[in-house]
Amino acid sequence: DAFRDGAMPSAFDSARGGGALMDLGVYTLHAIIGVLGEPESVDYRPTLERGSDTSGVVTLGYEGAQGVGICAKDADGPSRTVVHGDEGWIQMDGAPNSGGPVTVHLRGREPEHLDPTVHPHRMVEEMREFTRMIDGCDVDARDRLLTHSRTVLSVLERARNGQRPA
């Protein structure tokens, strides 16, 4: 509402790391890169308003696959993650940073519904894993997560630097 009223809150200010890609797209990219790895190509098509990307579509190109993420601060609607393959598809209801119920649709089979929710607050399991890593001195897990985060940040920068007016 403040942005609509003419203000530039930090969540919209690209100079302060705001905008749809940096604020919301990071979660989508974490999910796509977690499944497909580092992309060969990155293309971000933002909707720009007063210098802020209020929404956008990021496409990650892979050999034989595409990853597409949509992030929007200027629209309201359901969040979901869908992975399509030649043998079926998987849908997760909810934002990629919070998870939610999952439905697996395999060719020729009845859909299978799963709910991976262990605790109502999404951060509890993340904190449990951090605690496990610290208590167990699991530097291999730490290094895998750091490498993944660095890859996501690199892809974010590639997408952000390639922005062009809509």
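Predicted, not measured: the structure shown is a model, and the values here were computed from it.

To continue, consider the overall build of the chain. Along the backbone of the chain there are three helices and seven strands. Counted from the first residue to the last, the chain has its helices and strands arranged as α-β-β-β-β-β-β-β-α-α. For the chain, the spread of C-alpha atoms along the principal axes amounts to about 45 × 45 × 35 Å. Out of the 166 residues in the chain, the part that is buried amounts to 28%. Only carbon and sulfur atoms are counted for the fraction: they give 53% of the accessible area of the chain, which is about 10700 Å². Taking the 17 positively charged and 26 negatively charged side chains of the chain as two groups, their mean positions are separated by 3 Å.

The residue Asp-53 is located in strand β2 (residues 52-62) in this model. Of the side chains with opposite charge, Arg-160 comes closest to the buried, unpaired Asp-53, at an N-O distance of 6.9 Å. At a separation of 2.7 Å, a polar atom in the side chain of Asp-53 contacts the side chain of Tyr-44.

Moving on: the pattern of salt bridges. With the rule as written, the count across this model stands at nine salt bridges. In this structure, the salt-bridge partner of Asp-1 is Arg-4, at a minimum N-O distance of 3.8 Å. A residue is classified by how much of its surface remains accessible, and Arg-4, at 67% relative accessible area, is exposed. With a closest N to O distance of 3.0 Å, Arg-16 and Asp-13 form a salt bridge.

Next up on the list: helix α3 (residues 139-161). Here α3 spans 32 Å end to end across 23 residues, near enough to the 33 Å set by a 1.5 Å rise per residue. Burial in α3 covers these residues: Ala-141, Thr-151, Val-152, Val-155, Leu-156 and Ala-159. Here the buried face of α3 lies against α1 (20-36), β1 (41-49), β2 and α2 (123-135).

Scoring rules and cut-offs
Residues numbered from 1 in each chain as written. Predicted model: local features only at pLDDT ≥ 70, side-chain atom pairs only at ≥ 80, totals over all residues. Heavy atoms only, no water. Helix = DSSP H or I, 4+ residues; strand = E, 2+ residues; numbered from the N terminus. Buried < 20%, exposed > 50% of the residue type's maximum accessible area, 1.4 Å probe, protein only. Areas by Shrake-Rupley, 256 points an atom, 1.4 Å probe, with all protein chains shown as cover. Lys, Arg positive; Asp, Glu negative; His and termini not counted. Charge placed at Lys NZ, Arg CZ, Asp CG, Glu CD. Salt bridge = Lys/Arg side-chain N within 4 Å of Asp/Glu carboxyl O. Polar contact = N/O pair within 3.5 Å; in protein donor to acceptor, adjacent residues only side chain to side chain. Expected span 1.5 Å × (residues − 1). Contact = heavy atoms within 4.5 Å.

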